Amino acid sequence: MAKTKTIEKAETPLMGQYNKIKQKYSDAILLFRVGDFYETFGEDAVKTAKITGIVLTKRHNGSASEIELAGFPYHSLDTYLPKLVKSGYRVAICDQLEKPSKEKKIVKRGVVELVTPGVALNDNILDNRSNNFLASVYIGKKNSAVAFIDISTGEFLVAEGSISYIEKMIQSFAPSEILYPKV
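Residues numbered from 1 in each chain as written. Predicted model: local features only at pLDDT ≥ 70, side-chain atom pairs only at ≥ 80, totals over all residues. Heavy atoms only, no water.

Novice: I would appreciate a short explanation of the environment of T40 in the present structure.
Specialist: Looking at where T40 falls in the secondary structure, it is placed in strand β2 (residues 37-41). In sequence terms T40 and A70 are 30 residues apart; their C-alpha atoms lie 5.3 Å from each other. When residues no more than four places from it in sequence are discounted, the contact partners of T40 are I29, L30, L31, A45, T48, E68, L69 and A70. (Helix = DSSP H or I, 4+ residues; strand = E, 2+ residues; numbered from the N terminus. Contact = heavy atoms within 4.5 Å.)

Novice: What am I meant to see in the pattern of salt bridges here?
Specialist: Oppositely charged side chains are able to pair whenever their charged atoms sit close together. Considering all chains together, one arrives at two salt bridges under this definition. With a shortest N-O distance of 2.7 Å, K22 and D44 are connected by a salt bridge. In this pair, K22 is assigned in helix α1 (residues 13-24) and D44 in helix α2 (residues 42-52), connecting sequence segments 22 residues apart. Residue K22 shares its accessibility class with D44, and that shared class is buried. (Salt bridge = Lys/Arg side-chain N within 4 Å of Asp/Glu carboxyl O. Buried < 20%, exposed > 50% of the residue type's maximum accessible area, 1.4 Å probe, protein only.)

Novice: Explain the packing of aromatic side chains here, please?
Specialist: When we look at a pair of aromatic rings, we describe it by the centre distance and by the angle of the planes. Inspection of every chain in the model, using the stated rule, returns eight aromatic pairs. With a centroid separation of 5.3 Å and an interplanar angle of 90 degrees, the aromatic rings of Y18 and F32 are classed as edge-to-face. Within this pair, whereas Y18 is found in helix α1, its partner F32 is found in strand β1 (residues 29-34), the two being separated by 14 residues in sequence. A single burial state applies to Y18 and to F32, both of which are buried. Relative to F173, the ring of F133 lies with its centre 5.4 Å away and its plane at 85 degrees, an arrangement referred to as edge-to-face. With F133 in the loop between β6 (109-115) and β7 (134-139) and F173 in helix α4 (residues 163-173), this residue pair connects regions lying 40 residues apart in the sequence. Residue F133 is classed as buried on the basis of its relative accessible area of 4%. (Phe/Tyr/Trp six-rings, centres within 6.5 Å; stacked < 30°, edge-to-face > 60°.)

Function cannot be read off these values alone, since they describe shape.
Written out as structure tokens, the structure is:
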């Protein structure tokens, strides 16, 4: 009885590059520039399609399997980025850092901006009628502390006190994003 060989193709160079960059930004939706489009893959594509209402499709990623794909034209970034950030997601924008050429198989790409709810500067994301605070919280054995910063206005506030006082401060200032140490 002869053995049958199963040959599985490796991932494409494009997906290899995507996966390498995605590892560095695993907690963010990665908008990956491919030609005239920003594309998202896998779980990012599912989230992006759901939030923005764009079509979710699939592509072959170089092997027998498929991966989810959702994308939009690069010139529509100001339409879709605010929707993702306002939904509470960190978004890593990965652009092509060189022009495509026939000699090279893959263009160099890199993350040029990381946008989060608390560090947004885009006018389409910010509400000019209210602050966009980023909060950092420290919880100590005796006292706790919180710092608020709005990078769009330069406002910076700090408070120290009991945990219940810090909770009231957070409720009062309603930050867009809260940072805290990993435990």
